[in-house]
Amino acid sequence: MSGEVYQAQVLRNFFDTITGTDRNLTRIYMCVMSLAKLRMESPERMTFLVDQLRKSRQKRELSVDIIDYMCDVARDLELVTVQTAFGVKDINAVSDEFSGISLDSL
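Residues numbered from 1 in each chain as written. Predicted model: local features only at pLDDT ≥ 70, side-chain atom pairs only at ≥ 80, totals over all residues. Heavy atoms only, no water.

K.L.:
If you had to explain the packing of aromatic side chains to someone new, which residues and values would you point to?
P.N.:
Two aromatic rings are characterised by how far apart their centres lie and by the angle between their planes. Following the criterion strictly, the structure yields one aromatic pair and no others. Note on Phe14 and Phe15: the rings are 5.1 Å apart at their centroids and 80 degrees apart in plane angle, and the pair reads as edge-to-face. When its relative accessible area of 0% is taken as the criterion, Phe14 is described as buried. (Phe/Tyr/Trp six-rings, centres within 6.5 Å; stacked < 30°, edge-to-face > 60°. Buried < 20%, exposed > 50% of the residue type's maximum accessible area, 1.4 Å probe, protein only.)

What follows is the structure, encoded as structure tokens:
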């Protein structure tokens, strides 16, 4: 479970990087390669990812294959783990906190 939590945190860092103002390709590279190593990807898959990252650097545009890989990683992780890493609250926890509306407050 702790491995999945770490993977989800790396995944979050990746998406924070690509959606933020500082789209640093080195950070993106580190996130992608860290996840690939954590997932023990085959050498062929690692080579493919490195190649796509090199092409991204040359074209100055992130490869769709990299985004696709990261989305596959997110899909493979447990939903609760990903939600926790992204700071999403469970709807049941929120509904327990919400007891109702008082007519006096209306």
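K.L.:
Tell me what's going on with the side chain of Gln7, and back it up with residues and numbers.
P.N.:
Locating Gln7 in the fold gives a position in helix H1 (residues 2-19). In this structure Gln7 comes out as buried when scored by relative accessible area, which is 11%. In this view, Gln7 contacts Leu35, Leu38, Arg39, Val73 and Leu77; residues no more than four positions away in its chain are not counted. (Helix = DSSP H or I, 4+ residues; strand = E, 2+ residues; numbered from the N terminus. Contact = heavy atoms within 4.5 Å.)

K.L.:
So what's going on with the side chain of Ser56? Which residues, and what values?
P.N.:
Examined against the element boundaries, Ser56 turns out to sit in helix H3 (residues 43-59). Using a relative accessible area of 3% as the deciding quantity, one classes Ser56 as buried. A distance of 2.9 Å separates a polar atom in the side chain of Ser56 from the backbone oxygen of Gln52. Beyond its immediate chain neighbours, meaning those up to four positions away, Ser56 contacts Leu25, Glu61, Leu62 and Ser63. (Polar contact = N/O pair within 3.5 Å; in protein donor to acceptor, adjacent residues only side chain to side chain.)

K.L.:
Requested: an account of the environment of Asp51, with residues and values cited.
P.N.:
Relative to the elements of secondary structure, Asp51 occurs in helix H3. With twelve residues separating them along the chain, Asp51 and Ser63 place their C-alpha atoms 10.0 Å apart.

K.L.:
A description of unusual backbone geometry should follow, citing residues and the corresponding values.
P.N.:
For Met40, which is not glycine, the phi dihedral falls at a positive 55 degrees. Residue placement: Met40 occurs in the loop between helix H2 (25-38) and H3. Taking the relative accessible area as the measure of exposure, Met40 reaches 73% and is therefore exposed.

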